[in-house]
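Summary of the model geometry
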Amino acid sequence: MAPKRLATLIERAMAGILTPQEQDELLAQLVDTRNKHEAEKLLAEAWGRFTPGRPVFSREEGQKMMQRILEKHQAVDDEPVEKVIAFSVWRRLLLAASIVLIATLAVYMVVYKADDKSNAQTLSLAVERAGIEPGKERAVITLGDGRTIILDDIGHGLLAEEPGVHIRKIVGGQVQYELSPQAETAPIADNTITVPRGGQYRLVLPDGTKVHLNAESMLVYPTRFDNTAREVRLTGEAYFEVTQQYNGERGRQVPFVVHTAAQKVDVLGTSFNIQAYSGATRTALVEGSVRVTSAGGDTVVLQPGEAAVQPDGQPMIKVEKINMDEELAWHNGYFIFNDEGIQGIMQRIARWYDVEVSYQGNMSDKRFGGIFQRSKSVAQLLENFRTTGLVDFKIEERRIIVMEK
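Residues numbered from 1 in each chain as written. Predicted model: local features only at pLDDT ≥ 70, side-chain atom pairs only at ≥ 80, totals over all residues. Heavy atoms only, no water.

Two elements in contact, helix 9 (residues 342–353) and helix 10 (residues 378–386), have axes separated by 12 Å at closest approach and are oriented at 165°. Overall, the two elements helix 9 and helix 10 adopt an arrangement that is roughly antiparallel. For the pair helix 9 and helix 10, the sense of crossing is left-handed. Facing Ile 345, Met 346, Ile 349 and Tyr 353 of helix 9, the residues of helix 10 in contact are Val 378, Leu 381, Leu 382 and Phe 385. (Axes fitted to C-alpha atoms, helices over the stretch in contact; angles between N-to-C directions. Helix = DSSP H or I, 4+ residues; strand = E, 2+ residues; numbered from the N terminus. Parallel < 35°, antiparallel > 145°, perpendicular 65-115°, else oblique. Left-handed = near helix turned anticlockwise from the far one by under 90°. Contact = heavy atoms within 4.5 Å.)

Here it is as structure tokens:
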């Protein structure tokens, strides 16, 4: 079909004036992969100009069109497509599309996904050959006397004993510190839990506080807290559920304090997330109240739904409202990207899948949004980014190369 005719049909579809014969003609041309590049260009232009109005097709007509599409392409992989979408012309499409645009998008994704199936298989094969897998429960505990406990595949039960404390792995896969009757007179030693790239781990501290550590993180904590303050040191990212603890003599709550390179977070009983990788430190409050103090002396008190954000090298703290689902996505087993640059996305991917990342071309305008389960193969995530037409990927051993398209 001449490009002019295809353009005319798409414009008539957008205007809602296609005849039944023209509907069949447009469908036939869209499922013809010889028209892929021209259709891609014309659909992108049309979607960019589209504004919602009355549906071009009725719901019944749209359902019939979808059924015909699926019947013609039963060979296409039927695995659900993750919701990873380029935030460019596609964003306005998803916000405003009528049934015809949804149907047209389905044609585009189903037909051209089938056309690119060999590329997806190649990506999956490269991931498999490189042994790239989602992160799992991996960590190492270093005891006060220098002994180490590798937690990756260790079974439940007693792991080690130190003066005044028993260290156990309990049902649910987390490590728990249990104080013994001799704890009050036993010397206090620092322990360190280190979670590598491609890992995460859950820990119950001696006071009952629960900590979930993300990949490439480290927490230093004592085998027993005293009655004046409970202090720990964090590098990386962790979600805390702090228990209340009272000083028996004075009846006051004993504060829980988290130290990072840039901030000091004072807590009573609350839940919060701290992200302290290089680049910036971010403390987000889920419930309760915390006071955050920068190394430069700036202090803010957070309310639930707020975050204290401090770029590296900056003494001042900025308070932001947060989206709780996005903030705790990693803790709940997801990646959530909200109009985020590809380089920030790939940093998180690199930590979780334990890979290196490099870039070819200009990435400054490559922004994406979507939801993806962290338990799935990185090949599926990359393939969904690839279908946007903005970037492509190549895998060499454990390195993902992001290429501009």
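With that out of the way, let us pick up helix 10. Residues lying three or four places apart along an α-helix face the same way, a consequence of the helix completing one turn every 3.6 residues. Counting buried positions along helix 10 gives eight out of nine residues, so the element sits mostly inside the fold. For helix 10, the set of buried residues is Val 378, Ala 379, Leu 381, Leu 382, Glu 383, Asn 384, Phe 385 and Arg 386. A distance of 3.1 Å separates the backbone nitrogen of Ala 379 from a side-chain oxygen at the start of helix 10, and that oxygen is part of Ser 377. (Buried < 20%, exposed > 50% of the residue type's maximum accessible area, 1.4 Å probe, protein only. Polar contact = N/O pair within 3.5 Å; in protein donor to acceptor, adjacent residues only side chain to side chain.)

If a residue is not glycine, its phi is most likely negative; likewise, a peptide bond is most likely trans. Here the phi dihedral of Asp 354 falls at roughly 55°; this positive angle occurs in a residue that is not glycine. You can see Asp 354 is positioned in the loop between helix 9 and strand 22 (356–360). The phi angle at Glu 397 is positive, at roughly 55°, despite the residue not being glycine. Take Glu 397: it is sitting in the loop between strand 24 (391–396) and strand 25 (399–404).

Counting residues in each nonpolar core, the largest one holds 40 residues, and the members touching the most others are Ile 193, Leu 219, Phe 240 and Phe 272. The biggest single contributor to this core is strand 12 (residues 230–241), with four residues. Those residues within four positions of Phe 272 in sequence are excluded, and the remaining contacts are Ala 238, Tyr 239, Phe 240, Val 242, Val 258, Val 265, Val 267, Thr 283, Ala 284, Leu 285, Val 286 and Val 290. Ranked by size, the runner-up nonpolar core spans 27 residues in total, among them Leu 123, Ala 215, Val 355 and Phe 393. (Core = buried A, V, L, I, M, F, W, Y, C linked by side-chain atoms within 4.5 Å.)

With 75% of its residues at a pLDDT of 70 or more, the protein shows a mean pLDDT of 81. No element of the protein has a lower mean pLDDT than helix 5 (residues 89–96), which averages 36, and none a higher one than strand 10 (residues 210–213), which averages 98. The low-confidence segment residues 51–59, where pLDDT is below 50, has 17 contacts with residues more than four positions distant or belonging to other chains. Note on residues 105–111: pLDDT under 50 across the span, and 23 contacts to partners over four residues away in sequence or across chains. (pLDDT = per-residue confidence, 0-100.)

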